[in-house]
Amino acid sequence: MKRLIICAICVICMGLQAQAQKFALVDMEYILKNIPAYERANEQLNQVSKKWQAEVDALTTEAQTLYKNYQNEVVFLSQEQKKTKQDAIVAKEKEAADLKKKYFGPDGELFKKRTALMTPIQDEIYNAVKDIAELRGYQLILDRASDTGIIFGSPKIDISSEVLRKLGYSN
């Protein structure tokens, strides 16, 4: 009798563990492409990036011009004049490098602007995905667009369109 009860408990425990886990896929590229705010933010980032790159390029061109002029005049200059011109060239190159780092460095203005513009959109998508996962009982949702090694994903488990509907965008 003891064995029968133990076997019954084991069967019930294995039955609970054998429940299928539910998975879903989302395609973040598809979702982001269908969110107008994301497209506007991307366009704004591209415009700012081009403007800042033009500023950096202008300083770099000035440094190159100073260097070319220096090369043309070097034979006519005194040691003191050479030193002054060399210092001016180095200063202009440093100014260009510093500006590039300020705008495009790891903690630069472009990174800060991208974070400010994209984080609210990403948070909104995350919350929609999380709500759907909790509602439907998904244990795992993978991004089809990332390089995670998904070879095939059935369209039946792709919830990208549902995420867009939850966010208020029709597809």
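For the structure, see preceding data.
It should be emphasised that the depicted structure is a prediction, and the values quoted were computed from it without experimental measurement.

Novice: Got a sec to walk through the overall build of the chain? Specific residues and values, please.
Specialist: The helix and strand inventory of the chain stands at six helices and two strands. In the chain, the order of α-helices and β-strands from amino to carboxyl end is α-β-α-α-α-α-β-α. Within the chain, the proportion of its 171 residues that are buried is 23%. Sequence separation of 24 or more characterises 76% of the internal contacts of the chain that already satisfy a separation of 6 or more.

Novice: I'd like a description of the pattern of salt bridges, backed by residues and values.
Specialist: Summed over all chains, the structure comprises seven salt bridges. Two residues, Asp87 and Lys83, come together in a salt bridge whose shortest N-O distance is 3.1 Å. Taken together, the residues Asp87 and Lys83, both in helix H4 (residues 79-104) and four residues apart, mark about one turn of the helix. The class of Lys83 is partly exposed, set by a relative accessible area of 46%. For Lys94, the salt bridge is made with Asp98, and the minimal N-O distance between the two is 2.9 Å. Here the residue Lys94 and the residue Asp98 both occupy positions in helix H4, the gap between them amounting to four residues, near one helical turn. The class for Asp98 is partly exposed, based on a relative accessible area of 40%. Residues joined by salt bridges that share partners form a network here, namely Glu62, Lys92 and Glu95.

Novice: Can you explain helix H3 (residues 36-73)? Please cite residues and give values.
Specialist: Taking 1.5 Å per residue as the helical rise, H3 with its 38 residues ought to reach 56 Å, and the 55 Å between its terminal C-alpha atoms agrees with that figure. For H3, the full list of buried residues reads Tyr38, Ala41, Leu45, Val48, Trp52, Val56, Leu59, Ala63 and Tyr70. Looking at the buried residues of H3, the elements they touch are helix H2 (28-33), H4 and helix H5 (109-136).

Novice: Could you give an account of the nonpolar core, naming the residues involved and the relevant values?
Specialist: Judged by nonpolar contacts, the single largest core of 28 residues is most densely connected at Ile31, Ile35, Ile125, Ile159 and Val163. Breaking this core down by element, the ones donating at least two residues are strand E1 (23-26), H2, H3, H4, H5 and helix H6 (160-167). Counting residues per element, this core draws most heavily on H5, at eight residues. Residues within four places of Ile35 in sequence aside, it is in contact with Ile125, Leu164, Leu167 and Tyr169.

Novice: Requested: an account of the packing of H5 against H6, with residues and values cited.
Specialist: Helix packing geometry: the angle between the two helix axes and the distance between the axes. Closest axis-to-axis distance for the H5/H6 pair is 9 Å, and the angle between their directions is 115°. Here H6 runs roughly perpendicular to H5, going by the angle between their axes. Like other packed secondary-structure pairs, H5 and H6 cross with a definite hand, here right-handed. Contacts between H5 and H6 involve Glu124, Ile125, Ala128, Val129, Asp131, Ile132 and Arg136 on the former and, on the latter, Glu162, Val163, Lys166 and Leu167. Class assignment of the residues belonging to the contact of H5 with H6 gives a composition of six nonpolar, no polar and five charged.

About the thresholds
- Per chain, residue numbering runs from 1 following the sequence as it is written.
- A pLDDT threshold of at least 70 governs which residues receive local features in this predicted model, and a stricter bar of 80 or more applies before side-chain atom pairs are shown or counted, although totals over entire chains, interfaces and linings include all residues.
- Side-chain measures here rest on the full set of heavy atoms in the structure, leaving out hydrogens and waters.
- Think of it this way: any DSSP run of H or I at least four residues long counts as a helix, any run of E at least two long counts as a strand, and we number them from the N terminus.
- Categorising residues by exposure relies on relative accessible area from a 1.4 Å probe, with only protein chains included: less than 20% of the type maximum marks a residue as buried, more than 50% marks it as exposed, and the intermediate range marks it as partly exposed.
- The contact criterion used throughout is that any non-hydrogen atoms of two residues lie within 4.5 Å.
- Note on definitions: salt bridges are taken to be side-chain nitrogens of Lys or Arg within 4 Å of carboxyl oxygens of Asp or Glu.
- To estimate the expected span of a helix, subtract one from its residue number and multiply by 1.5 Å.
- In this description, a nonpolar core means a group of buried Ala, Val, Leu, Ile, Met, Phe, Trp, Tyr and Cys residues linked to one another through side-chain atoms lying within 4.5 Å.
- Only C-alpha atoms enter the line fits that serve as axes; for helices the fit covers just the stretch in contact. Angles between N-to-C directions range over 0 to 180 degrees.
- For this classification, under 35 degrees means roughly parallel, over 145 means roughly antiparallel, 65 to 115 means roughly perpendicular, and everything else is oblique.
- A clockwise turn of the near helix away from the far one marks a right-handed crossing, whereas an anticlockwise turn of less than a right angle marks a left-handed crossing.
- In this classification, Asp, Glu, Lys and Arg are treated as charged, Ala, Val, Leu, Ile, Met, Phe, Trp, Tyr, Cys and Pro as nonpolar, and every other residue, Gly included, as polar.

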